[in-house]
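Overview (structure and organization)
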Amino acid sequence: SLGAISTNETTYYSDFDSKDFTKYRKNYDKLRKSYFEFLKSPDKRRKNVTDQIFRKNSSGAVCRTHFKVNSYTGICTPGTRVFVTINGQYHICERINEFFPVGDCDNGLDFKKIYNIRKDYHNQVIKKNKCNLCTARHSCPVCFVVFAQEGKFEPGNKCENIRANFKKDLIDAYSAYELNPMVVNKFYPEPSYIELQ
């Protein structure tokens, strides 16, 4: 998921076993069921925490806002958001490792570095993973952080999981819209900004 902890440079997930994962899935499925029950309720105005959890995932699978730059994945434009280290180095964000600086406090943003980061990401991830042919393109949540290693991007094996989650989100989206067509208006209030994929 988008808010998941990156597996790079951490042993976080090794603290959990298959029982933990099974328990998590059962609880997640209960919440999902509760969400669809909420959508069937006659009082569409009442709030429900499950609405916040599932609406974003399902709406993101069907609708997206228009962007002029097409990267196929969820990468940002480095420099639009900056993380500053205690040494004054600028990084793309607080989540990426220290091998991708984009400038510093003395010299500002280094646009050549930013260009090279985007170029390397395109060559090492977009091209090698064939993102232009992926069913989850334009709805892919991965960013630089997922593929960032020590100064380079490694394509990795994340794509199958991303596609599987995209398909689940798409199924949930259409199930939600069948139960309550106004669900899309809660997330995207202006239909002029919606593009159906």
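Before any of the text, the structure's been laid out above.
First, a word on what this report is: a plain description of the structure on this page. (Residues numbered from 1 in each chain as written. Predicted model: local features only at pLDDT ≥ 70, side-chain atom pairs only at ≥ 80, totals over all residues. Heavy atoms only, no water.)

1. Some points on the sheet that holds strand β4 (residues 101-104)
Overall, antiparallel pairing links the 4 strands, which are arranged β2-β3-β4-β5 in an open sheet. Unpaired on one side and paired on the other, β2 (83-84) and β5 (108-109) mark the two borders of the sheet. Both β2 and strand β3 (residues 89-91) contribute to a ladder of 2 bridges, which runs antiparallel. Among the inter-strand pairings, V84 is bridged to a residue of β3, identified as Y90. Against the sheet, helix α3 (residues 111-127) touches β4 and β5, its axis set at about 175 degrees to β4. (Pairing = 2+ DSSP bridges. Helix = DSSP H or I, 4+ residues; strand = E, 2+ residues; numbered from the N terminus. Contact = heavy atoms within 4.5 Å. Axes fitted to C-alpha atoms, helices over the stretch in contact; angles between N-to-C directions.)

2. Digging into unusual backbone geometry
One non-glycine residue, K130, lies in positive phi territory at about 55 degrees. Inspection of the secondary structure assignment puts K130 in the loop between α3 and α4 (144-147).

3. Structural notes on the packing of helix α1 (residues 18-40) against helix α5 (residues 159-179)
Angle between the axes and distance between the axes are the two parameters that describe a pair of packed helices. Remark: α1 packs on α5, axes separated minimally by 8 Å, with the N-to-C direction vectors making an angle of 25 degrees. In terms of axis orientation, α1 runs roughly parallel to α5. At the point where α1 passes α5, the crossing takes the right-handed sense. Taken together, the residues of α5 that come into contact with α1 (itself represented by R32, Y35, F36, L39 and K40) are D172, S175, A176 and L179. Of the residues assigned to the contact of α1 with α5, the class counts are 5 nonpolar, 1 polar and 3 charged. (Parallel < 35°, antiparallel > 145°, perpendicular 65-115°, else oblique. Left-handed = near helix turned anticlockwise from the far one by under 90°. Nonpolar A, V, L, I, M, F, W, Y, C, P; charged D, E, K, R; others polar.)

4. Some points on the nonpolar core
I96, I117, Y121, V142, F144, F147 and F153 are the most contacted members of the largest nonpolar core, which has 26 residues in total. Secondary structure elements with two or more residues in this core: α3, α4 and α5. Broken down by element, this core gets its largest block of residues, 5 residues, from α3. Discounting chain neighbours no more than four positions away, the residues touching F144 are I75, C76, P78, I92, I96, I117, R118, Y121 and F153. (Core = buried A, V, L, I, M, F, W, Y, C linked by side-chain atoms within 4.5 Å. Buried < 20%, exposed > 50% of the residue type's maximum accessible area, 1.4 Å probe, protein only.)

5. So, the pairing of β4
Of the strand pairs in this sheet, β3 and β4 are connected by 3 bridges, and their pairing is antiparallel. When the bridges of β4 are listed, Y90 appears paired with G103. The sheet contact formed by β4 and β5 spans 2 bridges and is antiparallel. Directly across from G103, in β5, lies its bridge partner L109.

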